[in-house]
Amino acid sequence: MTSAQIKGVQGSIAALVTPFRDGLVDEPAFRFLCERQIERGTSALVVCGTTGEAPTLDRRERTTIIRLAVDVAARRVPVVAGVGSNCTASAIDQAYQAEWLGADGLLCVVPYYNRPTQEGLFRHFLAVQSKTCLPVLLYDVPARTGAGLTIETIVRLSQLPNIAGLKDASGDLDRMAQLRRHLGPDFLLLSGDDATAAAALELGSQGCISVSANVAPALCAALHRSWIAQDLGKFRFLRDLLAPLATALFIESNPIAVKWALARLGVIQDELRLPLTPLSLHCEAVVRQALDGIVFHEAEEAARVPFPRSCLPAATAA
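Reading the values: rules and limits
Residues numbered from 1 in each chain as written. Predicted model: local features only at pLDDT ≥ 70, side-chain atom pairs only at ≥ 80, totals over all residues. Heavy atoms only, no water. Phe/Tyr/Trp six-rings, centres within 6.5 Å; stacked < 30°, edge-to-face > 60°. Lys NZ or Arg CZ within 6 Å of the ring centre and 35° of its normal. Helix = DSSP H or I, 4+ residues; strand = E, 2+ residues; numbered from the N terminus. Polar contact = N/O pair within 3.5 Å; in protein donor to acceptor, adjacent residues only side chain to side chain. Buried < 20%, exposed > 50% of the residue type's maximum accessible area, 1.4 Å probe, protein only. Pairing = 2+ DSSP bridges. Contact = heavy atoms within 4.5 Å.

Undergrad: Residues and numbers for the packing of aromatic side chains, please.
TA: In the structure shown here, the tally under the stated rule is 1 aromatic pair. Against the face of Phe122 rests Arg156, its NZ or CZ located 3.7 Å from the ring centre. Its guanidinium or amino end placed over the ring of Trp260, Arg264 lies 4.6 Å from that ring's centre, counting from NZ or CZ.

Undergrad: Help me get a handle on the side chain of Asp168, residues and values and all.
TA: Examined against the element boundaries, Asp168 turns out to sit in strand E8 (residues 163–168). One polar contact links Asp168 to Ser170, side chain to side chain, over a distance of 2.7 Å.

Undergrad: Can you break down the pairing of strand E10 (residues 207–210) residue by residue, with the values?
TA: Burial of E10 is two-sided: the residues Gly207 and Ile209 facing one way and the residues Cys208 and Ser210 facing the other way are all buried. Two elements, strand E1 (residues 11–15) and E10, share 4 bridges in a ladder whose sense is parallel. Looking at E10, one finds that Gly11 is bridged to Gly207.

Undergrad: Any chance you could break down the environment of Glu202 for me, citing the residues and the numbers?
TA: Note on placement: Glu202 falls in helix H8 (residues 197–202). Distance from Glu202 to Ser12, taken between C-alpha atoms, is 15 Å for residues 190 residues apart in sequence. Those residues in contact with Glu202 that sit more than four places away from it in its chain are Trp227 and Phe235.

Right, dumping it as structure tokens:
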């Protein structure tokens, strides 16, 4: 199996939104988002992914976002950059860019729209991982790409030197169990589905690349810590507490609802790029109710995060 690893990528990993203001990347808001995640226990930052509206970002904006995340993280947590494209050459170019900017790993999505065969998928990932020194996480999300990796292809890819793991957003828990049996303990297996993230831990997942963590980073981190500590009472409480939020955030296409929720919290502007449009009025009550159900608990959990990682010097950190 592969020896590639992204140190520290496990537990709750935030798939960060990209905040916009007046059509441009809102750099102060993005810095705040990154710092908030780190201070509340998130183990890694994923940028320029689906939740970050990557298809709408140009090269300059991708540079800005990755650079900012690397700067704010300051080696406290790893930064994983999305490099998805249905053009292999473009994915490789994005991988070069992320590596040069200091990312710690890459998240490479299955090529979308052109529906390659399994051999085509294998060759795509083979080409990307051969052109970078960074560890690569495969990203399988058939509902968005129109094609998916089979277990056999994932096992084959796991033999490549720079393939470190998989973000499985298929929502198929039976497949999660099969993957763990086939891939062994060293291959990083991550859920990409908040609704089944807790169940995936029981089947061998080592964490979740999470949309919900944008809104409730402390609670999502605590869920994973409680599983590791086998504090099953707290684990089940947090699982059930977070379930309505996970459902509500996907009431419309991601990241429509999560950006609306973050705007309600005063964290970012509720601004998306076309073809995404603001949350429909009839959906607002559902997201608001889910948000109301976790706000108090998130603040309470954030106050007792066990390892504060402020960027202030040790002598002045409060």
